[in-house]
Amino acid sequence: MGFSCGIVGLPNVGKSTIFNALTSAKAEAANYPFCTIEPNTGIVKVPDPRLGQIAQYIPPNKLVPASMTFVDIAGLVKGASKGEGLGNQFLGHIRETNAIAHVVRCFSDPNVIHVDGSVDPVRDISVIDTELIFADLDTVNKRYNALEKAARAGSDKKAGAIMGVLNPIRKSLEAGNPVRALNLSVEELALVYDFHLITAKKVMYVANVDDQDIGKGEPNDYVKKLLEYAKKEGSPVVQICGKIESEIAELAEEEKVSFLKEMGMDEPGLNRVIQSGYELLGLQTYFTAGEIEVRAWTIQKGWKAPQAAGVIHTDFERGFIKAEVYSFDDLMKYKTEQAIRDAGALKLEGKEYVVRDGDVMHFRFGV
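None of the values given here were measured: they were computed from a predicted structure.

## As for the overall build of the protein
Thinking step 1. Across its full length, the protein carries 13 helices and 12 strands.
Thinking step 2. Evaluated residue by residue, the protein yields a buried proportion of 49% over its 367 residues.
Thinking step 3. Counted over contacts in the protein with a minimum sequence separation of 6, partners at least 24 positions apart contribute 69%.
Thinking step 4. For the protein, the accessible surface area stands at approximately 17900 Å², while carbon and sulfur atoms represent 50% of it.

In structure tokens:
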């Protein structure tokens, strides 16, 4: 299961700088609006120190981390949903992502133009949200009448079920509120899945701050406003400095440790962006380990063993018999799989087993 995240924000807030640092894809990043002409897509390795720790005791030919995809589109401006600027051309590229990373400018720099002339995180968020709401409302309205007609005729039960969800969605959008504010159930969201509504997606805010703010215990005034706003809607905020993250991305691995220490950082800020994305979507990791490879796999929390097996191959899920399971912590404690077996910590689990984060699994299946 992959995790894909669309990056949105006003022009010149640091979206492409952060995207570059995440993916080393070298999207154009310049001090003028709309420099990102084409949408950029990058696949990022998910940082997880447990991979290397597992490999200490089960040495493989290679390590394969989990991955996530980021999609960076042109900066959105007022009127983007109606064709202003370039952002509207690329909204389709983030409709099928799992979540949204909203990059918010939280730094003052007279050398970096702000499209509205001043820095105001809450106002900037409102501009983006409004355009995404308009775009979703347009999507709903295009299909609304046909679905309503089918529902009234009574011949299409699914249309009736969809309208039961679409009506409150339309009212919410018309009132200027995102779909996620409705707190729809998984079943309700499934009914309108193929609308690919952008404002139904969960959001994390990435506060792009100045390098002078990194390492300080107290967030700056812009970040404080953002934190207060995000708390009301229950969205996480990750504070990073795009400029510093760009420098870190260019360093060799052995140089990164000393640079981070010098900056008063335990890890790159972008690691927190990825980790926040996982938490936002309720994702977790399990591992497979052997001589060929030690690999991390991403699944949804609450998934059972056959579903987890299915991310490796559909045949694994279809022909699932049992799973041999032990925890990462047990491997760290006992050092070998044989020692884990001898201690009775290796379990043979069936179809109802709910996979836990950090499980190391071997699947038995027959097709």
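## A look at the confidence of the model for the protein
Thinking step 1. Mean pLDDT over the protein stands at 87; residues scoring 70 or higher make up 89%.
Thinking step 2. Under a pLDDT of 50 for its full length, residues 25–38 has, in the predicted model, 38 contacts with residues more than four places off or in other chains.

## Considering the sheet that holds strand E5 (residues 99–105)
Thinking step 1. Taken in spatial order, the six strands line up as E2-E4-E1-E5-E6-E7 in an open sheet, and their pairing is mixed. Looking at strand neighbours, the two that pair on one side only are strand E2 (40–45) and strand E7 (237–240), the edges of this open sheet. Looking at each pair of strands side by side, their axes are set apart by 25 degrees on average, direction ignored.
Thinking step 2. Here four bridges tie strand E1 (residues 3–8) to E5, and the two strands are oriented parallel to one another. Its bridge partner being in E5, cysteine 5 is matched across the sheet by alanine 99.

## Some thoughts on unusual backbone geometry
Thinking step 1. With a phi angle near 65 degrees, asparagine 12 is a residue other than glycine that sits in the positive phi range.
Thinking step 2. Mapped onto the fold, asparagine 12 is located in the loop between E1 and helix H1 (15–23).

## Quick word on the pairing of E2
Thinking step 1. Here E2 shows one buried face, formed by Asn40, Gly42 and Val44, and one open face, formed by Thr41, Ile43 and Lys45.
Thinking step 2. In this structure, E2 lies alongside strand E4 (residues 67–72), joined through six bridges in antiparallel fashion. Bridging from a neighbouring strand, isoleucine 43 pairs with threonine 69 of E4.

## Remarks on the pattern of salt bridges
Thinking step 1. Under the defined criterion, the tally for this structure stands at 21 salt bridges.
Thinking step 2. The closest approach of N and O atoms between aspartate 138 and lysine 142, which form a salt bridge, is 3.4 Å. One end of the pair, aspartate 138, and the other, lysine 142, are both in helix H3 (residues 121–153), four residues apart, so they sit about a helical turn from each other.
Thinking step 3. Aspartate 138 gets classed as partly exposed once you look at its relative accessible area, which sits at 39%.

## Looking at the layout of surface pockets
Thinking step 1. Taken as a whole, the largest pocket holds about 1200 Å³ of empty space.
Thinking step 2. Around the largest pocket, the lining is made up of 40 residues, and of these Asn98, Leu189, Ala200, Lys201 and Lys202 lie nearest the centre.
Thinking step 3. The set of elements that each furnish at least two residues to the lining of the largest pocket consists of H3, helix H5 (186–191), strand E6 (202–208), helix H6 (221–233) and helix H9 (269–281).
Thinking step 4. With five residues, H3 is the single largest residue contributor to the lining of the largest pocket.

## Quick notes on helix H4 (residues 157–174)
Thinking step 1. Across its 18 residues, H4 extends 26 Å between first and last C-alpha, which sits within 8% of the 26 Å expected from 1.5 Å per residue.
Thinking step 2. Packing partners of the buried residues in H4 comprise H3 and H5.
Thinking step 3. Where H4 begins, the capping side chain belongs to aspartate 156, and its oxygen is found 3.1 Å from the backbone nitrogen of lysine 158.
Thinking step 4. Just downstream of H4 lies glycine 176, where phi reads positive at about 85 degrees.

## Things to note about H9
A turn of α-helix holds 3.6 residues, and therefore any two residues three or four places apart point the same way.
Thinking step 1. End to end, H9 covers 19 Å across 13 residues, agreeing with the expected 18 Å (1.5 Å per residue, within 8%).
Thinking step 2. Of all the residues in H9, the buried ones are Gly269, Leu270, Asn271, Val273, Ile274, Ser276, Gly277, Tyr278, Leu280 and Leu281.
Thinking step 3. Glycine 282 occupies a position one or two residues after H9 and carries a positive phi of about 65 degrees.

About the thresholds
Residues numbered from 1 in each chain as written. Predicted model: local features only at pLDDT ≥ 70, side-chain atom pairs only at ≥ 80, totals over all residues. Heavy atoms only, no water. Helix = DSSP H or I, 4+ residues; strand = E, 2+ residues; numbered from the N terminus. Buried < 20%, exposed > 50% of the residue type's maximum accessible area, 1.4 Å probe, protein only. Contact = heavy atoms within 4.5 Å. Areas by Shrake-Rupley, 256 points an atom, 1.4 Å probe, with all protein chains shown as cover. pLDDT = per-residue confidence, 0-100. Pairing = 2+ DSSP bridges. Axes fitted to C-alpha atoms, helices over the stretch in contact; angles between N-to-C directions. Salt bridge = Lys/Arg side-chain N within 4 Å of Asp/Glu carboxyl O. 1 Å grid on protein atoms, 1.4 Å probe; cavity = no way out; pocket = protein on both sides within 12 Å on 5 of 7 lines; lining within 4 Å. Points joined across faces, edges and corners; volume = space filled by probe spheres on them. Expected span 1.5 Å × (residues − 1). Polar contact = N/O pair within 3.5 Å; in protein donor to acceptor, adjacent residues only side chain to side chain.

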